[in-house]
Amino acid sequence: MMRRLALLLVSTACAAQDFSQRGFLENTTDFYPRVAPNDSGHVVSGMLLRYEAFYKASSHWHFACGIDARTDSHRDVERTFGLSWWDRSLRQPAFEVEHCSVTYTQGKLNFQVGKQSIRWGKADILNPTDRFAPQDYINVADPDYLGVTAARLTYGGQSNSIDAVFTPRLTPSRMPLIDQRWSVAPENVPIVDLGSHFPGGTQYGARFNHIGSADEFSLSFFDGYNHLPLINASIEPAPVPILEFLRFYPRIRTYGGDLAVPTRWLTFKSEAAYFTSTNVKADEYVLYVMQMERQAGEWFFVGGYAGEVVTEHRAIFDFDPERGLARAFLGRVGYNIGANRSIALKAVVRENGRASWTRAEYSQGLGQHLRATLSYNWLRGEPNDFLGQFYRNSFFSIVLRYSF
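Residues numbered from 1 in each chain as written. Predicted model: local features only at pLDDT ≥ 70, side-chain atom pairs only at ≥ 80, totals over all residues. Heavy atoms only, no water.

Concerning the sheet that holds strand E15 (residues 242–248)
Strand pairing in a sheet is mediated by backbone hydrogen bonds. Such pairs are either parallel or antiparallel.
And then number 1: If you trace the three strands from one edge of the open sheet to the other, you get E11-E15-E14, paired in mixed fashion. Looking at the sheet topology across the chains shown, the edges are occupied by strand E11 (191–197) and strand E14 (230–236). Neighbour-to-neighbour, the strand axes of this sheet turn through a mean angle of 15°, independent of strand direction.
And then number 2: Where E14 lies against E15, seven bridges are found, and the strand directions are antiparallel. Across the sheet, Ile-231 pairs through a bridge with Arg-247, a residue of E15. (Pairing = 2+ DSSP bridges. Helix = DSSP H or I, 4+ residues; strand = E, 2+ residues; numbered from the N terminus. Axes fitted to C-alpha atoms, helices over the stretch in contact; angles between N-to-C directions.)

Below, the structure written as structure tokens:
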């Protein structure tokens, strides 16, 4: 009897060693000095609780799951109970499966299925090849990446690898809410949101990645839907003019690649993708980024240019922050003051100088579990520019995160 009890205790202890958990509670408060035509609020505050659990069943099988619970003061978050998986709601879900997947590894083979984060891009601010990486643009200047439900197979070693991804349905990026400041709509015109028309097809893509002694490059292909929508808009004239709009997501194909070449003084990076579509309302174009970066002690420098070449112009209305950052110079500077303090400055300046977005940030750890981050986002420009249209939305932000 004692022997069985001892074996049970040993097996329980071993199982406990293969289980880990973590999480954080975060408060974000944004202060807007100016009002917008569709939003008179000056302060927006939100709370996010994330819990993550990890279990290693064996040397081959791994399980991971994360759950989010959130609320806010501005009704960006739904007020209904329910656990969201697909991230297709206009507002942020109150309870959401942030990620949940099972992974099998065997030698050079890695297979992961479930809701997960998939990032292909290597550039610093804009990533044209990231077609499986939708974002939450409730706040356009501070987006979060969303997980996608996918099966992902990776095979290869340190030098060469192939990554294949299949998703059963589209996970769209979340647009700003029409009645709030990050949705810039015509003034004095009533607006009716007709919702979204989601396609029903599957998506797939593949990427080859090479890491050599002198360079690193990848080639990628994607066949699926643009997670950023096009807009069908119409004016109903009587009895009072009303603007109605509907989001839809055109099928696209992209052919992309990226390259990184380190030298003694600088690392050169470039990333580009060609977007083509059979949809008669979708543009065909090339997005590309060229940048240089350097690490010098505690300093980090990035500078470059994001460009766009439109080969076929068809779209009239869209919501596309990726293209909104194109035709601009990009830069970022960071400095680690110490083990728990850092400062950073990021800037996007339109090539004609008529619009810009600058973000200054200071972050400091306050003890073992608490971190405070202060930032200021300054937007300026002409109203017909993607960046300039948010000129009323410059804001201060305070983020407090308690990790456990």
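Let's talk about the nonpolar core
And then number 1: Counting residues in each nonpolar core, the largest one holds 27 residues, and the members touching the most others are Trp-182, Val-348, Trp-357 and Leu-387.
And then number 2: Among the secondary structure elements, those contributing two or more residues to this core are strand E20 (328–336) and strand E22 (355–366).
And then number 3: Within the second largest apolar cluster, 13 residues are counted, among which are Phe-132, Val-165, Ile-252 and Leu-287. (Core = buried A, V, L, I, M, F, W, Y, C linked by side-chain atoms within 4.5 Å. Buried < 20%, exposed > 50% of the residue type's maximum accessible area, 1.4 Å probe, protein only.)

A look at the pairing of strand E17 (residues 267–276)
And then number 1: As judged from the ten bridges shared by strand E16 (residues 251–262) and E17, these two strands associate in the antiparallel manner. The residue of E17 that forms the bridge with Pro-262 is Thr-267.
And then number 2: Pairing geometry for E17 and strand E18 (residues 284–296), over nine bridges, is antiparallel. What sits directly across from Phe-275, in E18, is Tyr-285.

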